[in-house]
Amino acid sequence: MQVSKYNASGNDFVIFQAIDNAKFAASNRSALAVRLCDRFSGVGADGMIIIKQSNNQCDFAWEFYNSDGSIAAMCGNGSRAAALYAYKNQICDAVCTFETGAGIIGATIVKDHVEVALSEPKKLSEPFTQMGLEWSFYNTGVPHLVSFVDDLDKFDLEICKTMRQQYNANVNYAKFDGQRLLVRTFERGVENETNACGTGMAASFFTGFERFGLNDKVEVIPRSGEILNLRFDGETIHFGGKVSHIFDTAIY
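How each quantity is defined
- Residues numbered from 1 in each chain as written.
- Predicted model: local features only at pLDDT ≥ 70, side-chain atom pairs only at ≥ 80, totals over all residues.
- Heavy atoms only, no water.
- Helix = DSSP H or I, 4+ residues; strand = E, 2+ residues; numbered from the N terminus.
- Expected span 1.5 Å × (residues − 1).
- Buried < 20%, exposed > 50% of the residue type's maximum accessible area, 1.4 Å probe, protein only.
- Contact = heavy atoms within 4.5 Å.
- Pairing = 2+ DSSP bridges.
- Right-handed = clockwise from strand over helix to strand, strands pointing away.

Some points on helix α2 (residues 76-88)
No. 1: For α2, spanning 13 residues, the distance from its first C-alpha to its last is 19 Å, which sits close to the expected 18 Å at 1.5 Å a residue.
No. 2: Counting buried positions along α2 gives eleven out of 13 residues, so the element sits mostly inside the fold.
No. 3: Where α2 is concerned, the buried positions are Gly76, Asn77, Gly78, Ser79, Arg80, Ala81, Ala82, Ala83, Leu84, Tyr85 and Ala86.
No. 4: Note on α2: the residue one or two positions beyond its end, Gln90, has a positive phi of about 60 degrees.

Dropping the structure here:
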């Protein structure tokens, strides 16, 4: 089978088009994701994306699998990578829409820059304090806990694991340095800190906008160091940045 690898702000993905073959049936795709995402015996990735035909008059649909084989409704960086893959493979035009488990996502592609319009953010609870930190809880396609801190070196994997398990959510530490928003994310499905998380950056940005007077347009820097642009138009978070097509290969 032919697969491609794409990287979006530090998140990497294995992407391929759906294969009409029984051995790639949905029941086997979780195991396939674990195999392909393995960084020693597979391609190596944070997630696997399958591009499929849309049943909803969109340009295409997707299935997204985390590296542990679990299914995710949405992935911000994955959505940008999927859009560029579809465009490069003549599945869609430079302005397109596609179906995800979190709803229909719109994308605009200009060379290697891809901006997506994420699903409307939803508040899952009022702010609360736990494990010595104050948390906000939003769904920006998938659930995210966000804590604004004065020092990102306070990022604590044990706290992240505890909060992730209790709330079945991704966990983000965020800091605004006066010019840019800095974010570190522990992702469920990867079960560790990743170099970036699009929906996590969106949740952190929206927390700052809703609670701490952050502007409706800001540059965000994840652990990878790449600069992303986020803006809120009153209903939708728009999330843009560079996407890299790393390679194409055959897996046997």
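Observations concerning the environment of Ser244
No. 1: Here Ser244 is to be found in strand β16 (residues 237-250).
No. 2: Take Ser244: its relative accessible area is 25%, and that puts it in the partly exposed class.
No. 3: If we ignore the near neighbours within four places in the chain, the residues touching Ser244 are Lys5, Tyr6 and Asn7.

Topic: the pairing of strand β10 (residues 143-148)
No. 1: Across the six residues that make up β10, a large majority, five, are buried.
No. 2: Note that strand β9 (residues 133-139) and β10 share four bridges and pair antiparallel. Each residue of the ladder has a partner; that of Phe137, found in β10, is Leu145.
No. 3: Taken together, the five bridges between β10 and strand β11 (residues 170-176) define a ladder with parallel strand orientation. Residue pairing for β11: Leu145 is matched across the bridge by Val171.
No. 4: In terms of handedness, the path from β10 via helix α3 (residues 157-167) over to β11 forms a crossover that is right-handed.

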